[in-house]
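The primary structure of each chain is shown beneath.
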Amino acid sequence: MKVAALLLTLSALPALAQVDFATSVHPILAAHCAACHLGDHPQAGLSFATRETMLKGGHDGPAIVPGNAAASLLYLHVTGQKTPRMPMGGDPLPPAQIAAIKGWIDEGAAWPEAMSDKAAEPWDAPLAPRTPAIPAGNAPNPIDRFLSAYFHARGVQPPALTNDDLFVRRTYYDILGLPPDEKILAAFRADTHPDKRARLVAALLADSKNYTDNWISFWNDLLRNDQGVNYAGLRKSITAWLAKALETNMPYDEMVRELINPQGPNAPDGFLLGVNWRGDVNASQTPYMQAAQNTAQVFLGINLKCASCHDSFINRYKLRQSYGMAAIFAPTPQLELVRCDVKQGVMTDPAFLFPELGAIPRNASLDARRAAAARIFTSPADGRLARTLVNRYWQRLIGRGIVEPVDDMDARPWNPDLLDWLASDFTAHNYDLKHLLTQIMTSDAYQYASVPGEPNRTSSYLFHGPQLRRLTAEEFADTVSAVTGEWRILQEGETAGFSREWELKSTALTRALGRPIRDQVFTTRDEDATTLQALELMNGETLAKTLHRGARRLLNELPPAPENRFDSGVMRKGEKPVDIDVRGANELWLLIQDSGSYDPARSLAGWLDLTLEGPNGGVKLASLQPQTTLHDVSVTVNGISRGLVQTEPLDSPVVFNIAGKGFTRLHGFVAVDDSGSRDDIETKVRFFVFFEKPDPDELVRVSGAPPLPAPTPAANADALIDRLFWQLMARQPNEKERAIARQYLIPPGTTGISPGGLEDLLWSLLMHPEMQYLW
């Protein structure tokens, strides 16, 4: 198909593969080189024991010259360019193995720390904070001085900085979650200020609304907070508190204190509340054990899930420690130890994981225990709090944490001094999250050109710049909206407004792209491509509908949505009157919209005693022959039987033809059955009446401006092509791309831009790796 042809002709991309020493190079050296080049007396004085001995080399020079395989004896001998060809006396290495050695050396010859003497040393993660001395150097950002010392010690040259266009794109997405347009990119290129990159970071961080609309998804994942998701049982949103905390840049330690010890009507008590499942649950999933697990994971980088059932097999934490943490948040201050759901007959008192930081009162009230825990978590003596957070932000911005995985802060950092300095700087600046972002994003470390990702194993890691990162589900959806002007709509009360993706219930598309349902803490998202993503991006209804509408909106060819003539607002129970003037109407469209019921299939709601008034008196609407069949169902409202209502499957409109019948008024009621109040149903519906076919995407009257101004109509096809390439990939199209794009927009034999062709062009560009990744 033509779309596939366009994809194939887009510019070639750098290879994403990277040589991993542990899996691709070390086995070659072990099998073919170790016999002669290890031990006390290696051949030719050349030892392959460590990276340092290979750099030092033997009688003829160094075995490896990082970044230059052509000058490395190892490569020259295995290729036969220098005699004798190695391995001596054996068959030449296969081309794939030679290519692996060459690639490894050219990429800097990263040597796994876990295979070195240093990595073999025991590591005990410190608890207390530490402020390392900043290395000498000229770099204005201390991060770069630490990295300069790091590179120098390993004989590696720092990477080159990324270009202005990619820096602006990266920064816009990382702060605002939105793409820069061609005018923004052009203005930045023309700016001659030497500190223009730092000025851009500061300007974007000053946009608190869009900053919040982007970073709230990261915090929703972390704090298990979601929009539009219901669970059987009790769950409480903390969205209003979290949005305000981000918009006002609340200090992180203050956020932690309020999350652990929520006080007052606007406090974020939903975080500790967790997900309260109905019925019997495993002892490791009680609400207070969830609170112990979540606070340890989020704020300390400690996984207690295994240790909530038995002594952990994956780390050093014990069952008793988990129960000590759980007792802080339990209704009573002592808990019976339960191992693998078997009660042990042993009681545990509340205790923090690190008792040296402070004690929890043994017989205190729940409020007193929470208050004590909040003080301990945020104690100046607790260095883990800041280390864990700065490591999460580093991972978010660079693609990999200083400690990996980010939820195992007992693991060895690849640069302990850098981690500790970032943490101490963060605390010295009053736990200011925007300062932390500024510190990282104004460093060369953040501004280096992106490199392909590595396997997620600390043993094979050498820092060499930001890794390619995929746009989040929310960023992808918001990009489509920003480019087309087609924003989703958030219904609130009687009106609705255009919204960023995070504010709405997830779609099949955003779930496929990694937006979690947040029934547990998510500290990172899987960025790997999946079959489900491919299916949803290729054939999914969500993207197809958005691009269909968006292409027509871009061309100013999308008709306005019909206005509703009745809107009940969201109803959970009870009934409301309907009274509509229907003079001049030819059709009546009745629609019951599900607005987030826990179990829509068992939600019982419908139209009650709807009557049309006309010249011959009243006529029951049910007596007319609808074009779609209604179902009669008996309902009880506020304990009183209200008889039969006419209902239809939720979100499926029913249409009546009333043309030429002289009707003037429709009146009656809408009703929700009392069963909808049950926590395993939780009915939430909204009733609408229209005089013409409704637009399912705009049922409620929309007011207010969209998150970004609507795109202005392009002057011609070339201007539109340029705009899309700049906004989606931060570059101009090449001539071949432009020619093919023109064929899509203006098919042979036509003169105007084709909406269908624009739809295909948008889809093709959205599928491109240059668009979906931060380079």
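Notes on the structure follow. The structure presented is a predicted model; accordingly, all values stated were derived computationally and were not measured.

Cut-off values and rules
- Residues numbered from 1 in each chain as written.
- Predicted model: local features only at pLDDT ≥ 70, side-chain atom pairs only at ≥ 80, totals over all residues.
- Heavy atoms only, no water.
- Helix = DSSP H or I, 4+ residues; strand = E, 2+ residues; numbered from the N terminus.
- Buried < 20%, exposed > 50% of the residue type's maximum accessible area, 1.4 Å probe, protein only.
- Areas by Shrake-Rupley, 256 points an atom, 1.4 Å probe, with all protein chains shown as cover.
- Lys, Arg positive; Asp, Glu negative; His and termini not counted.
- Charge placed at Lys NZ, Arg CZ, Asp CG, Glu CD.
- Pairing = 2+ DSSP bridges.
- Axes fitted to C-alpha atoms, helices over the stretch in contact; angles between N-to-C directions.
- Parallel < 35°, antiparallel > 145°, perpendicular 65-115°, else oblique.
- Left-handed = near helix turned anticlockwise from the far one by under 90°.
- Contact = heavy atoms within 4.5 Å.
- Salt bridge = Lys/Arg side-chain N within 4 Å of Asp/Glu carboxyl O.
- Core = buried A, V, L, I, M, F, W, Y, C linked by side-chain atoms within 4.5 Å.
- Nonpolar A, V, L, I, M, F, W, Y, C, P; charged D, E, K, R; others polar.
- Phe/Tyr/Trp six-rings, centres within 6.5 Å; stacked < 30°, edge-to-face > 60°.
- Lys NZ or Arg CZ within 6 Å of the ring centre and 35° of its normal.
- Expected span 1.5 Å × (residues − 1).

### Considerations on the overall build of the protein chain
Thinking step 1. Each helix and strand in the protein chain was counted, giving 30 helices and 16 strands.
Thinking step 2. Here the C-alpha coordinates of the protein chain stretch approximately 110 × 85 × 55 Å along the principal axes.
Thinking step 3. Sorting the 775 residues of the protein chain into buried and exposed places 53% on the buried side.
Thinking step 4. Surface exposure of the protein chain reaches about 33500 Å², of which carbon and sulfur atoms provide 53%.
Thinking step 5. Averaged over its 75 positive side-chain charges, the protein chain has a centre that lies 1 Å from the centre of its 90 negative ones.

### Quick look at the sheet that holds strand β13 (residues 654-657)
Thinking step 1. Strand order in the open sheet formed by four strands is β6-β15-β8-β13, with antiparallel pairing between adjacent strands. With one partner strand each, in any of the chains shown, β6 (566-567) and β13 form the two edges of the open sheet.
Thinking step 2. In the sheet, strand β8 (residues 587-594) pairs with strand β15 (residues 685-690) via six bridges, with the strands oriented antiparallel. Paired with L590 across the bridge in β15 is V689.

### So, unusual backbone geometry
Thinking step 1. Residue P84 is bonded to the preceding T83 through a cis peptide linkage, with omega at -5°.
Thinking step 2. When you line up the elements, P84 lands in the loop between α5 (73-79) and α6 (95-106).
Thinking step 3. Of note, the bond from E404 into P405 is cis; its omega dihedral lies within 30 degrees of zero at -10°.
Thinking step 4. For P405, the location among the structural elements is in the loop between α19 (383-398) and α20 (416-428).
Thinking step 5. A positive phi angle, near 65°, is found at D341, a position not held by glycine.
Thinking step 6. By secondary structure assignment, the location of D341 is in the loop between β1 (335-339) and β2 (342-348).
Thinking step 7. In this structure, E682 is a non-glycine residue whose phi angle is positive, near 45°.
Thinking step 8. Here E682 lies in the loop between β14 (665-672) and β15.
Thinking step 9. By relative accessible area, E682 is classed as partly exposed at 22%.

### Concerning the pairing of β2
Thinking step 1. Pairing geometry for β1 and β2, over four bridges, is antiparallel. Counted as the bridge partner of R339 is V342 from β2.

### Describing the packing of helix α16 (residues 287-300) against helix α17 (residues 319-329)
Thinking step 1. Closest axis-to-axis distance for the α16/α17 pair is 8 Å, and the angle between their directions is 115°. Taken together, the axis directions place α16 and α17 in an arrangement best described as roughly perpendicular. You can see that α16 and α17 cross each other, and the crossing is right-handed. Every residue of α17 that contacts α16 at Y288, M289, A291, A292 and T295 is listed here: S322, Y323, M325, A326 and F329.

### Some words on the pattern of salt bridges
Thinking step 1. If you walk through the whole model with that rule in mind, you get 43 salt bridges.
Thinking step 2. E486 serves as the salt-bridge partner of R549, at 2.5 Å between the closest nitrogen and oxygen. One end of the pair, R549, is in helix α26 (residues 541-554); the other, E486, is in the loop between α23 (473-484) and β4 (488-492), with 63 residues separating them in the sequence.
Thinking step 3. For R549, a relative accessible area of 10% corresponds to the buried category.
Thinking step 4. In this structure, K545 engages E541 in a salt bridge whose closest nitrogen and oxygen atoms are separated by 3.9 Å. With K545 and E541 both in helix α26 and four residues apart, the pair spans about one turn of that helix.
Thinking step 5. Given the relative accessible area of 32%, K545 is considered partly exposed.
Thinking step 6. A relative accessible area of 59% means that E541 is categorised as exposed.

### Let's talk about the side chain of H310
Thinking step 1. Within the element layout of this structure, H310 appears in the loop between α16 and α17.
Thinking step 2. In this view, H310 contacts L319, R339 and C340; residues no more than four positions away in its chain are not counted.

### Describing the nonpolar core
Thinking step 1. Judged by nonpolar contacts, the single largest core of 105 residues is most densely connected at W219, Y252, F299, Y393, W394, L422 and F463.
Thinking step 2. Here the element with the most residues in this core is α19; it accounts for eight residues.
Thinking step 3. Formed by 32 residues, the second largest nonpolar core is a distinct cluster that contains L765, L766, M767 and M771.

### As for the pairing of β14
In the case of a regular strand, side chains alternate between the two sheet surfaces.
Thinking step 1. Pairing of strand β7 (residues 574-581) with β14 involves eight bridges; the strand directions are antiparallel. The partner of G574 across the bridge, within β14, is V672.

### What about the packing of helix α10 (residues 182-190) against helix α27 (residues 717-729)?
Thinking step 1. Between α10 and α27, the shortest axis-to-axis distance is 8 Å and the interhelical angle comes to 70°. Looking at the two axes, α10 sits roughly perpendicular to α27. Taking contact as the criterion, the partners of E182, L185 and R189 in α10 are, on α27, D722, R723 and W726.
Thinking step 2. The class makeup of the residues in the contact of α10 with α27 is two nonpolar, no polar and four charged.

### Concerning the packing of aromatic side chains
Thinking step 1. Scanning all chains against the criterion turns up 21 aromatic pairs.
Thinking step 2. A ring pair is formed by W219 and Y252, whose centres lie 5.9 Å apart and whose planes are at 45°; its orientation type is tilted. Of this pair, W219 sits in helix α12 (residues 208-223) while Y252 sits in helix α14 (residues 252-260), placing them 33 residues apart in sequence. Here the two residues W219 and Y252 agree in accessibility, since each one is buried.
Thinking step 3. Linked through ring pairs, W215, F218, W219, Y252, Y393, F426 and Y431 together constitute an aromatic cluster.
Thinking step 4. The ring centre of F167 lies 4.5 Å from the NZ or CZ of R197, which sits over that ring.
Thinking step 5. Sitting above the plane of the W215 ring, R396 keeps its charged end 5.0 Å from the centroid.

### Description of α16
Thinking step 1. A rise of 1.5 Å per residue sets the reference length of α16, with its 14 residues, at 20 Å; its end C-alpha atoms lie 19 Å apart and thus fit the reference within 8%.
Thinking step 2. α16 sits mainly inside the fold: 12 of its 14 residues count as buried.
Thinking step 3. Where the residues of α16 are buried, they touch α12, α14, α15 (270-273), α17, α18 (366-377) and α19.
Thinking step 4. G301 sits one or two positions beyond α16 and adopts a positive phi of about 65°.

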